[in-house]
Structures are given as structure tokens and as C-alpha cells.
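Observations on chain architecture
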Amino acid sequence: PGVDTLSHNVCAGYSYKSGTSMATPHVAGAVALIVAANPGLEHDDIKALLEETAVDLGEPGKDTTSGTGRVDAYEAVLLSGSRDGRIAVKEQAVR
């Protein structure tokens, strides 16, 4: 989770806060950038991109302290496109 993240304090300027509520906006912003770069990605693809590109913190691998690690939006967006620089869009199933 986010640790000591500077955030707006209701009617009192700013303060440092910690927890998943501080990490969530960063992940949501990264997801918005990924979807903007490749709107055809499924939610499982986006989760995989975030986990593959996260900067591991603390104990190696996913853990209960820092999860998969710190989100790296830049690397996730880069990886969301195909190797040749084109954006790959999945076709939707026709029912």
C-alpha cells in the first residue's frame, strides 16, 4: 500500500497518509493510461501488465507488505503496445 503519501487534508492543507487508499489512485491513473494506449485490452491483460512491470519492494516477489510492488505506469504503457510499436486490439466475441 501507499506509505507516507502526501495527500489533501480536508480543510486543513496537506498531510501524509498511508494505506491502500493512498495506492489506489496511482493504480487507477496507470490503468487509465494503459487503456488510453490500448483500449482493447481485457482486465486480466491490464492486471498482468501492472504486475509484470511493478518495481518489486521489500521481500522478493509478491508479499503482504508491498503486494507486487510499486506501480510503474511508464513501463506498463510501453508494454501495452506490441513489439513493433503498433497497438494490438483484441476482437470481441460475437454471440
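Residues numbered from 1 in each chain as written. Predicted model: local features only at pLDDT ≥ 70, side-chain atom pairs only at ≥ 80, totals over all residues. Heavy atoms only, no water.

Thoughts on the overall build of the chain
Tallying secondary structure elements over the chain gives 3 helices and 2 strands in all. The order of α-helices and β-strands along the chain, N terminus first, is β-β-α-α-α. The buried share of the chain, reckoned over its 95 residues, is 21%. When contacts within the chain are restricted to residue pairs at least 6 apart in sequence, those whose partners lie at least 24 apart make up 30%. Surface accessibility of the chain: about 7000 Å² in total, with carbon and sulfur atoms responsible for 57%. (Helix = DSSP H or I, 4+ residues; strand = E, 2+ residues; numbered from the N terminus. Buried < 20%, exposed > 50% of the residue type's maximum accessible area, 1.4 Å probe, protein only. Contact = heavy atoms within 4.5 Å. Areas by Shrake-Rupley, 256 points an atom, 1.4 Å probe, with all protein chains shown as cover.)

Concerning a nonpolar patch on the surface
Together, Leu6, Tyr14 and Tyr16 line one region of the surface with nonpolar side chains, adding up to about 410 Å² of accessible area. By secondary structure assignment, the location of Leu6 is in strand β1 (residues 2–8). (Patch = residues over 30% accessible without salt bridge, like charges linked within 9 Å, V, L, I, M, F, W, Y side chains within 5 Å. Salt bridge = Lys/Arg side-chain N within 4 Å of Asp/Glu carboxyl O.)

Details of the packing of helix α1 (residues 20–37) against helix α2 (residues 43–53)
Interaxial distance between α1 and α2 falls to 11 Å at its minimum, and their mutual angle equals 115°. Crossing handedness for the pair α1 and α2: right-handed. On α2, the residues touching Val27, Ala30, Val31, Ile34 and Val35 of α1 are Ile46, Leu49 and Leu50. Classifying every residue of the contact of α1 with α2 by side-chain character gives 8 nonpolar, no polar and no charged. (Axes fitted to C-alpha atoms, helices over the stretch in contact; angles between N-to-C directions. Left-handed = near helix turned anticlockwise from the far one by under 90°. Nonpolar A, V, L, I, M, F, W, Y, C, P; charged D, E, K, R; others polar.)

Thoughts on α2
Every buried residue of α2 is accounted for by Ile46, Leu49, Leu50 and Thr53. Looking straight down α2, one finds that the buried residues subtend no more than 95° of arc, so they occupy a single side. The outward face of α2, more than 90 degrees from its buried face, is lined by the exposed residues Asp44 and Glu52. Looking at the buried positions of α2, the neighbouring elements they touch are α1 and α3 (73–80). (Arc of directions from axis to C-beta.)

Regarding the nonpolar core
By size, the foremost hydrophobic cluster in this structure holds 7 residues: Ala30, Ile34, Leu41, Ile46, Leu49, Leu50 and Ala76. Only α1 and α2 provide two or more residues apiece to this core. When near neighbours in sequence (up to four residues on either side) are disregarded, Ala76 contacts Ile34, Leu49 and Thr53. (Core = buried A, V, L, I, M, F, W, Y, C linked by side-chain atoms within 4.5 Å.)

Let's talk about the side chain of Asp63
Mapped onto the secondary structure, Asp63 falls in the loop between α2 and α3. From its side chain, Asp63 meets the backbone nitrogen of Ser66 in a polar contact 2.7 Å long. (Polar contact = N/O pair within 3.5 Å; in protein donor to acceptor, adjacent residues only side chain to side chain.)

Brief notes about the pattern of salt bridges
In the structure shown here, the tally under the stated rule is 1 salt bridge. A salt bridge links Lys62 to Glu51; the shortest N-O distance between them is 3.4 Å. Of the two residues, Lys62 is situated in the loop between α2 and α3 and Glu51 in helix α2; the sequence distance between them amounts to 11 residues. Overall, Lys62 belongs to the exposed group, its relative accessible area being 61%.

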